[in-house]
Amino acid sequence: MRLKYVLNEVLVGLWRNVTMTVAMIITMSVSLFMLGASVLLYMQVDQMKNYYYGEIEVSIFLRPDVTPAQRQAIDQAISGNPLVADKTYETQKQAFERFQALWADSPDFVKSVGPNSLPESFRVKLKDPEEYKTFADQMQGMQGIQDIIDQRTLLDKVFNIFNGFQFGALGVAAFMAVAALLLVGNTIQVAAYSKRREVAVMKLVGASNWFIQAPFVLEAVVAGVIGAVLGFIVLFVGKVVLLDHKLQALTSILTPVHNGNVWLMLPLLAGVGAVVSAVTAWITLRFYLKV
């Protein structure tokens, strides 16, 4: 009987303050959508780091006037280095052909570069990419070497940009969360005020605080869960429409976002929405309405 009464009061309370309830749900859904997006981005950046850092190569560019003896000495030094896992030699012709294939959509740019403009090089994959500096120091003094470049430096700059997007999404989520919390608290205050006489009567007849607070707390929880579901739907649809279709070409650069990771966001967002809403409602009732 008590459970039926509490559930009935929850439905009545949600409908009585339908405008504020809808505003609370929308704000909560936007906040939780941004939270889910930032968590997915965090997972994706970690996955991309594991993939790309594992494929990192060190490029050793040779001088235009390198002699066959110097080239052979460099080759032997690389082959005999215990830090090296694999190496590939690329001639000027091969470098130019790769350049032409890479920039095939920009013929004017390709024409501006001559066949002898790109240096020959060794592409070296280290057993541990963290040992780049040690390897570079060992090779730097050899004759015939023009420059040594680690792809990790370029990747760090790219991942710094991704990390910036990640923190930006978290910042927006936090800002929207504050707005959602204020709306939850305000909605609960209005709901409790509209039922102040009923609350007073229940206290007089000895109803427990839990029994009095339960309908208000559950109102907030229901709104939070609905907001979480809506936020998840937007997140999932955005992933399917954008990443799986509109931006599918980026999968050659970005590692794919697995549906399993997206589905993990549903219980996460629902749990966060429910807990945050319940705690906010309980604190509001305790400290503002003195229930």
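Here the structure is shown first, and the text comes after it.
Our subject in this report is the structure included herewith. Just so you know, these numbers come straight off a predicted model, no measurement behind them. (Residues numbered from 1 in each chain as written. Predicted model: local features only at pLDDT ≥ 70, side-chain atom pairs only at ≥ 80, totals over all residues. Heavy atoms only, no water.)

Turning to the sheet that holds strand 4 (residues 145-150), a few remarks are in order. If you walk across this open sheet you meet the 4 strands as 2-3-1-4, and the pairing is antiparallel. Strand pairing shows two members of the sheet lacking a second neighbour, strand 2 (84-90) and strand 4, which therefore form its edges. Across the sheet, the mean angle separating the axes of adjacent strands is 20° when strand polarity is ignored. One ladder, built from 6 bridges, connects strand 2 with strand 3 (residues 121-126); its direction is antiparallel. In the sheet register, Val84 faces strand 3, and the bridge partner there is Leu126. On top of the sheet, helix 4 (residues 92-102) reaches strand 2 and strand 3; it is set at about 90° to strand 2, its chief contact. Across the sheet, helix 6 (residues 132-140) is in contact with strand 1 (58-62), strand 2, strand 3 and strand 4; its angle to strand 4 comes to roughly 180°. (Pairing = 2+ DSSP bridges. Helix = DSSP H or I, 4+ residues; strand = E, 2+ residues; numbered from the N terminus. Axes fitted to C-alpha atoms, helices over the stretch in contact; angles between N-to-C directions. Contact = heavy atoms within 4.5 Å.)

With that settled, the discussion passes to the pattern of salt bridges. A full pass over the atoms with the stated rule returns 6 salt bridges. Arg123 serves as the salt-bridge partner of Glu90, at 3.1 Å between the closest nitrogen and oxygen. Of this pair, Glu90 sits in strand 2 while Arg123 sits in strand 3; the two residues are 33 residues apart in sequence, bridging distant segments of the chain. Just as Glu90 is buried, Arg123 falls in that class too. (Salt bridge = Lys/Arg side-chain N within 4 Å of Asp/Glu carboxyl O. Buried < 20%, exposed > 50% of the residue type's maximum accessible area, 1.4 Å probe, protein only.)

Three or more residues of helix 4 are buried, namely Ala95, Phe96 and Phe99. Buried residues in helix 4, looked at end-on, bunch into an arc of 95°, giving them a common side. Opposite its buried face, helix 4 presents the exposed residues Lys93 and Ala101, each directed more than 90 degrees away. Looking at the packing, one finds that the buried side of helix 4 touches strand 2 and helix 5 (107-111). (Arc of directions from axis to C-beta.)

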